[in-house]
Amino acid sequence: MSARRVMAWYGVWMALLAGAFYAFPAAHIPLWCAIGLSSAGAIVYGLFRYRPRRWSPWFWMILGLALLCAGDTLYNVMTDVFGQANPFPSPADMLYLAMYPAVTIGLLGLSKAGAAARDRTVPLDALIVTAGLGLLSWVFLISPQILNQDLTMTQRLVSVAYPLGDILVLATVGRLISVVPFSPTVALLTVGAVGLMAADVMYGLVQLHGYWTVGGPVDLGWIVFYACWGAAALHPSMADLTTPRVVRPREMRTTHQALLVVFVLIPLLVLVIGVGQGRLQYPMVIVAFVVTTVLLTLGRLFGVINSYRGNTMRTSGIRASNAALMSATTVDGVTWALKRTAERLLPPGNDYRVAMIMNDDGNATDLFQPGMTTGSQLRFTRSLPPDIAARMGDFEITMICPLALEDRPTGDPHIGVLLIASDENSLSYLQMPMELVASQAALAIERIMLSNEITRHNSEQYFRTLVHNAADVILIIEPDTGRIRYASPSAQTVFGTAELTGKNLSELVAGPHDTLVADLFALAAADDDADTADWTVLRPDGTTVQTEVSCRDLREETTVGALVLTLRDVTDQRRMESELTHLAYHDSLTGLANRVRFAERIGQAIARADADGSVVGVLFIDLDDFKVVNDTLGHEHGDRLLRAVGQRLAAVLRTDDVAARLGGDEFAALIEGAPDAATIDEVADRIVAALGEPFTIDDRLVSGAASIGISTSADARSAPELLRQADLALYVAKGEGKGQWRRYLPDLHTAIVERLELRTELDQAIAGKEFTVEFQPIVELRTGVTAGYEALVRWNHPHRGRLLPGEFIEVAEESGQIVAIGTEVLHQAVAAAARWQREAGDAAPYVSINVSARQFRTPGFVSSVHDILTAEGLPPGRLMLEITESLLLRDDDQVWEDLTELRTTGIRVAIDDFGTGYSSLSYLRHVPLDVVKIDRLFTSTIASSAQQAALVDGIVRLAHTLGLQVIAEGIERTVERDLLSRIGCRYGQGFLFARPLTGEQAITVITEQKVAA
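Residues numbered from 1 in each chain as written. Predicted model: local features only at pLDDT ≥ 70, side-chain atom pairs only at ≥ 80, totals over all residues. Heavy atoms only, no water.

1. Description of the pattern of salt bridges
Rules: Salt bridge, as used here: a side-chain nitrogen of Lys or Arg that lies within 4 Å of a carboxyl oxygen of Asp or Glu. Only protein chains enter the accessibility calculation, which uses a 1.4 Å probe. A residue is then buried if its area is under 20% of the maximum for its type, exposed if over 50%, and partly exposed in between.
Summed over the entire model, instances satisfying the criterion amount to 29 salt bridges. Taking the shortest distance from any N to any O, the salt bridge between D351 and R353 comes out at 3.0 Å. Exposure remark for R353: the relative accessible area of 31% places this residue in the partly exposed category. For R800, the salt bridge identified is with E807, shortest N-O distance 3.6 Å. Using a relative accessible area of 46% as the deciding quantity, one classes R800 as partly exposed.

2. Concerning the nonpolar core
The condition that has to hold: Nonpolar core, defined: a set of buried Ala, Val, Leu, Ile, Met, Phe, Trp, Tyr and Cys residues in which side-chain atoms within 4.5 Å join the residues together. For helices the rule is a DSSP run of H or I covering at least 4 residues; for strands it is a run of E covering at least 2, with both sets numbered from the N terminus onward. Contact criterion: two residues are considered in contact whenever any of their non-hydrogen atoms come within 4.5 Å of each other.
F775, W836, V847, I849, F856, L881 and I883 are the most contacted members of the largest nonpolar core, which totals 73 residues. If one sorts the elements of this core by residue count, helix α25 (residues 818-840) sits on top with 11 residues. Contact partners of V847, with chain neighbours within four places excluded, come to F775, Y789, A791, A829, A833, W836, R878, L879 and M880. Membership of the second largest hydrophobic core comes to 60 residues, among which are L17, L31, I62 and V173.

3. Digging into the packing of aromatic side chains
Note the threshold: Classification of ring pairs rests on two measures: the distance between centres of Phe, Tyr or Trp rings, Trp counted by its six-membered ring, which must be within 6.5 Å, and the angle between planes, read as stacked under 30 degrees, edge-to-face over 60 and tilted in between. To sit over a ring, a charge needs its Lys NZ or Arg CZ within 6 Å of the ring centre and within 35 degrees of the ring normal.
Throughout the structure, instances matching the rule amount to 13 aromatic pairs. Measuring from centroid to centroid gives 5.3 Å for F48 and W55, while their planes differ by 80°, and the two rings are edge-to-face. Among the residues examined, F48 registers a relative accessible area of 53% and is labelled exposed. Measuring from centroid to centroid gives 5.1 Å for F775 and W836, while their planes differ by 75°, and the two rings are edge-to-face. With a gap of 61 residues between them, F775 in strand β17 (residues 771-780) and W836 in helix α25 connect regions that are remote in the sequence. A residue is classified by how much of its surface remains accessible, and W836, at 0% relative accessible area, is buried. Aromatic ring contacts, followed pair by pair, group F21, Y22, W32, F225, Y226 and W229 into a single cluster. It is R382 that lies over the ring of F380; its NZ or CZ is 4.3 Å from the centre.

4. Looking at the sheet that holds strand β2 (residues 377-380)
What counts, and what does not: One bridge is not enough; two strands pair if DSSP finds at least two bridges between them. Orientation is described by axes fitted as lines to C-alpha atoms, over the contacting stretch for helices, and by angles from 0 to 180 degrees between their N-to-C directions.
If you walk across this open sheet you meet the four strands as β1-β4-β3-β2, and the pairing is antiparallel. Strand pairing shows two members of the sheet lacking a second neighbour, β1 (353-358) and β2, which therefore form its edges. Recorded for the sheet is a direction-independent mean angle of 30° between the axes of neighbouring strands. Note that strand β3 (residues 397-404) and strand β4 (residues 414-422) share eight bridges and pair antiparallel. Across the sheet, the residue bridging to A404 is H414, located in β4.

5. Here's the deal with the confidence of the model for the protein
Put simply, the test is: Predictor confidence is given residue by residue as pLDDT, running from a minimum of 0 to a maximum of 100.
Taken as a whole, the protein shows an average pLDDT of 80; of its residues, 81% reach a score of 70 or greater. pLDDT under 50 marks residues 113-118. Its contacts with residues more than four places away, or in other chains, come to 17 contacts.

6. Focus on the environment of L879
Note that L879 resides in strand β21 (residues 879-883). Under the relative-accessibility criterion, L879 is labelled buried at 0%. Taking the C-alpha atoms as reference, L879 lies 9.4 Å from G788; in sequence the two are 91 residues apart. In this structure L879 touches V847, I849, V865, L869, I907 and R908, once residues within four positions along its chain are discounted.

7. Points about the packing of helix α2 (residues 28-50) against helix α9 (residues 217-234)
Note the cut-off: Here the word oblique covers every angle except those under 35 degrees (roughly parallel), over 145 (roughly antiparallel) and from 65 to 115 (roughly perpendicular). By convention, the crossing between two helices is left-handed when the near helix turns anticlockwise from the far helix through less than a right angle, and right-handed when the turn is clockwise. Throughout, the ten residues Ala, Val, Leu, Ile, Met, Phe, Trp, Tyr, Cys and Pro are labelled nonpolar, Asp, Glu, Lys and Arg are labelled charged, and all others, Gly among them, are labelled polar.
Running from N to C, α2 and α9 point in directions that differ by 15°, and their axes come no closer than 7 Å. Relative to α9, α2 is oriented roughly parallel. Helix-helix and strand crossings are classified by hand; for α2 and α9 the assignment is left-handed. Across from W32, I35, G36, S39, A42, I43, Y45, G46 and Y50 in α2, the residues of α9 making contact are D219, W222, I223, Y226, W229, G230, A233 and L234. The class makeup of the residues in the contact of α2 with α9 is 12 nonpolar, four polar and one charged.

8. What about the pairing of strand β6 (residues 484-487)?
Looking at chain direction, strand β5 (residues 473-477) and β6 are connected through three bridges and run antiparallel. What sits directly across from I476, in β6, is Y486. Once β5 ends, the chain turns through six residues before running back antiparallel as β6, passing G482 with a positive phi of about 75°.

Structure, rendered in structure tokens:
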């Protein structure tokens, strides 16, 4: 049944019920219920028939109708059944009053739209009108009720509530009219609301001046209310109230402005008239209305200002968008500019989706209807084509802005559409600016498309010019015969002749004809245009050219009908690639294999050994004194030595073996096919012997002696394991002396790993400051007075406890960690001596600190010593540095200069463990020293060996002659002390006097010694 017939039958039905209501007063209770229920039922029917987007506003209106109907029924039952005479107020009034908020909520839900939510002027205008009507209601309806002394307070309040509710409903209807397009549904809702208000006003007057009776003209207003609101839901336009729509801003007409002025002036006029006539009742209420109206007017003014500010910001965003569109050169650039515009216009944090659909896809034909060339529209996202809807995310509503030009040269005005998905409020905010931007985007896209078309028209001439001037050779080949149909002018530079047309390709390229044709079709069938083949071109003069060939199959193109070849001369490129490949796998200095190639060959050798049962050997070769050569003769001589070593190493090995340089002075050799490990040992012997022979570099004999570490496939089954074991074996060979080899044995592994672990632990100890210093007294042998203390380092190991230097110093020297340890000891010892100085003054003992040769040679060592002394406040004369004889073995001018500088500043220098190393009595005369310390090796046997006693006596006498002091180490017995004292040795140290003391114990001894003095 059509909507018109449904509404007609509904109108007839409501008219019959109204007529029966007036015709049969005795049955007014069921008839009135039928009228109310028919209105609510009509709304329910309309909801299920038209299925609007939002049902909740209509449910609230159904609730309001039900409350009104229930109130009327209850009132009629109370008067007719129970005989109450016009009960007022009654429970029925509560139902009547509850109807107003329900109806108001429903009307607000229907009027809610994106533009209305953004435009704050609409509710402000409605509130201004409401304030004016409210004041009039106060004067003519409400205040009489309040002043009526015949009514109770409850009756007065109820009487006041009715006109307030009517004003609320009327204001809500006014808001609905102002924010939605006018339609039959809106008209019917408006008529119904007016009928409700008229009936309520008449009802209030009747209650004020008389008694209420059922069946009078007042009931007609409520019947109109019921009938119109039910009919509003039966009209199809009821679904449009909550359907997404583009709400365009309406121009504020003169009538609208005049009405606002009238309602703004009403409170002022009432106040002025009331004051002039002297009959002003409740003046504070009228003043409150005046203040409210003024505040609403100011809010309206501020809203206009904010609207102007928002328009200014939108204008700025549109201007920036136009600039981006003008600079766009691709359609993607236009899309990016549109996305940036939406981002600029929306408040920060608002989520959105933007897509641009061009009018070249048959899947979106419904987006390009003939009438959709201007304006914008809102659609449910689910109604879009599935692939487009997926791009718009989970948003319910999508705004569609056409990209169209009415006077487009192609005839079809549709270029594309701009889709924007977001929440409804955001879309209403974007509506106007995005329509303007869409029109500019259409112009930008049309400009880009015309530019591309012009470029395409010019491309043919451009291609001809490009082909004739290109360095690459272009050939057109007949696929069946292989004959050349066309050759570009650049073919002469590659083929050596320009006469190529008609020749067979196989005459010009090395290789069988069948192979060439197969290559051509393989290249032509390849999916990747980058697939190429390498051909060798045979030139008439006998030379060859390496070319890179690609092919396109254009046999289906009517203008070509053949295979198109592109050839590029890559002769120099291939030569360079060959050289780079050689460099990638060979050492540039010696020409031997490098580490990468060596590891690769090891893997291949192990695979062959697994097959034939032979043994593979890896030799790590390290030159013993190469650093000395570099330091004394220079790096150029060092490089020449490395080349000579590489040549001699390659000469010793067999043809199938591999010699490699791994870096620096490290070489390696791979021995394949050995029957057993002994054969590999023999090769190592030959290498040691060969490299043991001195090399002649610029008429100088230079040592190339080397140490070798060996690993075999008998102990390892992978290349990394062989390399690791050979490195460990080399580590052992280096530790046992120079010019020898050692083969990896499983028993060595544990010791080597322990040393490596110790290195790691030393790094952690240095970082964690686990080293402390103890002090052994240096005493005057005759008096027993402590003259100084030797600082001795101790390692508080977290797991092994307190470690003495003998357990870690060797590894620290080897790894270079001794420098950091020595610096820490220097800091702690100088700090302790400074404390002694503060405690004992001039009587404080000095501190003696051992310095390794590696630490002493560290650049900046002397200045660091001075810095530490200055920082701690210790005089240089209170510090003595002990050096070893190994520091003096090389004629190093820098070492001698540093020693002299230290002594010049007052720091004393002692030679430690004198007589145990490469001791030379002669250098005591030349080296800037102050003290000689005799090793305990001599002092421990001085009492039992006359020869040792004579030797010590000679050292002491020589030292005294040279003006040096002597300190004897390791004194453990009284007889040793007495004998050394008689010889003339003034100072000594050892367990006889004291074991090493902690810092606090040393302070105690110094304090006691000061008190005793």
